[in-house]
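Chain by chain, the residues run as shown.
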Amino acid sequence: MIDASRKDKLLSVAWSLFGSLCFTAVMSISKFLDPSVKGVVLVFIRCLFGLIFFLPFLLKTGVDSINTKRLSLHLLRVICVCLTIACIYYGYRNLPLAVATSIGFTAPLMTTTLAIVLLKEAVTFKKWILIIVGYLGILIIIRPPEFTFNSAVYILLLANFFASAALIFAKKLTTTESTISMMFYLNVCGALISGVLACFSWENPAFQDWIVLIVMGLIGMTAQFCYVKSLQYGKPSFLAPLEYSRLVMAIPIGLFLFNEFPTFWTIFGSGIIVVVTLLITRMELSKYS
């Protein structure tokens, strides 16, 4: 007989791992798209499915739940999220899956850096050392002396910057805004902004690309649902380390589908980033223990 607490943890792990698999699957599928399919179309499809996913929540809570006096901050967050999605898709479509996944793990380092700058959070000498070592992990992965210039690396790092900025804005919004309000402005405004931009540069994708886009939207929505479900059963601090399961999934998928075998330096640099991020997370959690 499994006790309730243990059962909740097992369920949170199961939902989190399945969500990670869905995220990795979406990024893998995006590599099958024709290069002519523009990033703004991908952002629009992603936001459109996010809006479809959100609508039942809005119908249940009513329009009063979306009242806000901080529209400008909502819009800043929406812009950062849309730019994040566009940059992530570009990076994954133009880099080996394992490399792109590894660089994506630097997001917590970027968030910590921005929190220091924007939120004026105090930082110890030990944390500064960990942040520097974490960024060295990126250099190990791309190995500048041997690295052929690839804009996708820098765009993916830019995605982490925008994602971290969006997280900082979200943190500020949580002091006055409801979860429903934040979801509403993110999904509705995101769909509207990306939809208008997509219209200006629209080129009708081929039929097979439409199939890929729709599958990406469905799986992406499933990944979002899994993340929400995992948080119902487990705390973010418990689930955070499971994010690194994406690398374990990305390596075999990249190998079998795209013939991408990760180098020793990719694995070594990724290991450094993972260890540093876990240490920083542990330091943060120790403040509240």
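These numbers were taken from a predicted model, which means no experiment stands behind them. (Residues numbered from 1 in each chain as written. Predicted model: local features only at pLDDT ≥ 70, side-chain atom pairs only at ≥ 80, totals over all residues. Heavy atoms only, no water.)

Draft legend 1. Molecular detail of the overall build of the protein. Helix and strand counts for the protein stand at 12 helices and zero strands. Along its sequence from the N terminus, the protein presents helices and strands in the succession α-α-α-α-α-α-α-α-α-α-α-α. Within the protein, the proportion of its 289 residues that are buried is 46%. Considering only contacts in the protein between residues 6 or more positions apart, those separated by 24 or more positions represent 90%. When the accessible surface of the protein is summed, it comes to about 15500 Å², and 72% of that surface belongs to carbon and sulfur atoms. (Helix = DSSP H or I, 4+ residues; strand = E, 2+ residues; numbered from the N terminus. Buried < 20%, exposed > 50% of the residue type's maximum accessible area, 1.4 Å probe, protein only. Contact = heavy atoms within 4.5 Å. Areas by Shrake-Rupley, 256 points an atom, 1.4 Å probe, with all protein chains shown as cover.)

Draft legend 2. Structural view of empty space enclosed by the protein. Using the criterion set out here, one finds one cavity of 30 Å³ or more in the structure. Considered as a void within the structure, the largest cavity measures approximately 40 Å³ in volume. Forming the boundary of the largest cavity are Leu42, Ile45, Arg46, Tyr89, Leu213, Met216 and Gly217. Partitioning the lining of the largest cavity into residue classes produces five nonpolar, one polar and one charged. (1 Å grid on protein atoms, 1.4 Å probe; cavity = no way out; pocket = protein on both sides within 12 Å on 5 of 7 lines; lining within 4 Å. Points joined across faces, edges and corners; volume = space filled by probe spheres on them. Nonpolar A, V, L, I, M, F, W, Y, C, P; charged D, E, K, R; others polar.)

Draft legend 3. Up close: the packing of helix H2 (residues 39–61) against helix H3 (residues 71–94). Axis separation between H2 and H3 bottoms out at 9 Å; the angle between their running directions is 120 degrees. Classified by the interaxial angle, the pair formed by H2 and H3 is oblique. As H2 packs across H3, the resulting crossing turns out to be right-handed. Listed contacts from H3 to Leu42, Val43, Arg46 and Cys47 of H2 are Cys82, Ile85, Ala86, Tyr89 and Arg93. Across the contact of H2 with H3, the residue classes tally to seven nonpolar, no polar and two charged. (Axes fitted to C-alpha atoms, helices over the stretch in contact; angles between N-to-C directions. Parallel < 35°, antiparallel > 145°, perpendicular 65-115°, else oblique. Left-handed = near helix turned anticlockwise from the far one by under 90°.)

Draft legend 4. Molecular detail of a nonpolar patch on the surface. A cluster of nonpolar residues, Leu71, Leu75, Ile79, Leu83, Ile193 and Leu197, forms a patch on the protein surface that exposes about 470 Å² of accessible area. The set of elements that each furnish at least two residues to the nonpolar patch consists of H3 and helix H8 (179–200). Per-element accounting of the nonpolar patch gives the leading share, four residues, to H3. In this fold, Leu71 is placed in helix H3. (Patch = residues over 30% accessible without salt bridge, like charges linked within 9 Å, V, L, I, M, F, W, Y side chains within 5 Å. Salt bridge = Lys/Arg side-chain N within 4 Å of Asp/Glu carboxyl O.)

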